[in-house]
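Secondary and tertiary structure notes
Residue-level listing of the chains:
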Amino acid sequence: MAWFKKARKPMGSATAEKPSRVPEGLWVKCPGCSQILYNKDLEKNLSVCPKCAHHFRISAAERLRVLLDDGHWTEHDPNLVSNDPLRFTDTKRYRDRLRAMEDSTGMKDAVVVAAGRLDGIDVVVAAMEYAFIGGSMGVVVGEKIARAVELALERRQPVIIVSCSGGARMMEGVLSLMQMAKISAALARLDRAGVPFISVLTDPTTGGVTASFAMLGDLNVAEPRALIGFAGPRVIEQTIRQKLPEGFQRSEFLLEHGMLDLVVDRRELKGTLARALRFMGSGAAAVEPPVAAAAVTLPADDAR
């Protein structure tokens, strides 16, 4: 039985896979066409698949870099934080969840408010961050967007709100629902003052965000195939016990049914917004300074 004492290789060693030498994070698989894409090429294409035009989700900071000239902006109210008004706890304490989100995203809450220039036009942009608790709207998000609208009203600059959200934040209860009315009231004041507001809806825009400011724009623009609605399609199917139409609650479906004005590819979004703002009367000074009234002199024959 000498064979029993022989050193034997562990089982499975012959079939064990060799560790990959390819660094992680260099490639990504497109969920639309299953094409393997090089990350740097995807970034150059504004995170839009060059094969099937699938729009990957991007962060609030990336969104601002796409829209604002030279990727430069001034952030407003960056240090507003929630004080956990309900002392909410589910699987863990809400304050711990906020702290974890702050550590992972580097943000205090789910929106960035920035002032900058879009194709030479001074604008105020509020971009929502889905990575922060699903882009949900709590007291801080509502307050920052309302302040953004008030800042635009004070400066008489157009407002662009980029929505990417799962809706109102359940951990703040009715206080989060109040933000729907607060932002809508601020936008009503903006409308009375004749200052443009463009709403950009991205994937996903749902819940209380859709039911309030996301659909109140002078122009409502969405990215292709974005999920937009109040209740999610699974909830609706379970409620009405019927199969929903193909593409239900996608931006193209909403455009067809009159709930959106435009569906625009991300690579063309900045130019489209600039043309829309100039059509609305914004940015004329950035294109050609107006001539002072005192400098205009009529010929004697025409002065009648």
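Above: the structure in question.
Just so it is clear, the structure is predicted and the values come from calculations on it, not from any experiment.

**Digging into the pairing of strand β4 (residues 111-118)**
Taken across its eight residues, β4 has seven buried, putting it largely inside the fold. By the bridge criterion, four bridges tie strand β3 (residues 73-76) to β4 in an arrangement that is antiparallel. Bridge pairing in β4 links W73 to G116. Two elements, β4 and strand β5 (residues 121-128), share eight bridges in a ladder whose sense is antiparallel. Of the residues in β5, the one forming a bridge with A115 is V124. The hairpin turn running from β4 into β5, its antiparallel successor, is two residues long, and D119 in that turn takes a positive phi close to 55°.

**Here we look at the pattern of salt bridges**
A full pass over the atoms with the stated rule returns 19 salt bridges. R147 is the salt-bridge partner of D77, the closest N and O atoms lying 3.0 Å from each other. With a gap of 70 residues between them, D77 in the loop between β3 and α3 (94-105) and R147 in helix α4 (residues 139-155) connect regions that are remote in the sequence. Judged by its relative accessible area of 32%, R147 is partly exposed. Close ionic contact of R169 with D109 constitutes a salt bridge, the shortest N to O distance being 2.8 Å. Here R169, found in the loop between β6 (159-165) and α5 (173-192), pairs with D109, found in the loop between α3 and β4; they are 60 residues apart in sequence, far enough to count as distant. A residue is classified by how much of its surface remains accessible, and R169, at 1% relative accessible area, is buried. D109 gets classed as buried once you look at its relative accessible area, which sits at 2%. Each of D77, E143, R147 and K182 takes part in salt bridges that share partners, so that together they form one network.

**Remarks on the pairing of strand β7 (residues 197-206)**
For β7, a buried count of nine out of ten residues is recorded, marking the element as mostly surrounded by other parts of the structure. Bridging between β6 and β7 involves six bridges; their strand directions are parallel. Bridging from a neighbouring strand, S163 pairs with L201 of β7. With respect to chirality, the unit in which β6 leads through α5 into the neighbouring parallel β7 is right-handed. In this sheet, strand β8 (residues 219-222) lies alongside β7 in parallel orientation, the contact comprising four bridges. Opposite L201, over in β8, you have A222 as the bridge partner.

**Focus on the side chain of S176**
Looking at the secondary structure, you find S176 in helix α5. Classification of S176 as buried rests on a relative accessible area of 1%. With near-sequence residues (within four places) excluded, S176 lies in contact with M137, G138, A168 and R169.

**A closer look at α5**
The end-to-end C-alpha separation of α5 is 31 Å, in line with the 28 Å expected for 20 residues at 1.5 Å each. Regarding α5, the residues found buried are S176, Q179, M180, I183, A186, L187 and L190. Take α5 and look down its axis: the buried residues cluster within an arc of 145°, on one side only. Of the exposed residues in α5, the ones pointing more than 90 degrees away from its buried face are V174, A181 and R192.

**Here we look at the nonpolar core**
Formed by 62 residues in total, the largest nonpolar core has its most connected members in V123, I145, I160, L190, I198, F213 and L273. Beyond its immediate sequence surroundings of up to four residues, V123 is in contact with L68, A114, A115, G116, L118, Q157, P158, I160 and L277. Core analysis: the next-biggest nonpolar cluster, separate from the first, contains five residues, C30, L37, L42 and C49 among them.

**A short note on the environment of G167**
Tracing the backbone shows G167 in the loop between β6 and α5. Counting along the chain gives 32 residues from G167 to G135, while the straight-line C-alpha distance between them is 7.4 Å. Those residues within four positions of G167 in sequence are excluded, and the remaining contacts are S136, M137, T206, G207, G208 and V209.

The rules behind the values
- Residues numbered from 1 in each chain as written.
- Predicted model: local features only at pLDDT ≥ 70, side-chain atom pairs only at ≥ 80, totals over all residues.
- Heavy atoms only, no water.
- Buried < 20%, exposed > 50% of the residue type's maximum accessible area, 1.4 Å probe, protein only.
- Helix = DSSP H or I, 4+ residues; strand = E, 2+ residues; numbered from the N terminus.
- Pairing = 2+ DSSP bridges.
- Salt bridge = Lys/Arg side-chain N within 4 Å of Asp/Glu carboxyl O.
- Right-handed = clockwise from strand over helix to strand, strands pointing away.
- Contact = heavy atoms within 4.5 Å.
- Expected span 1.5 Å × (residues − 1).
- Arc of directions from axis to C-beta.
- Core = buried A, V, L, I, M, F, W, Y, C linked by side-chain atoms within 4.5 Å.

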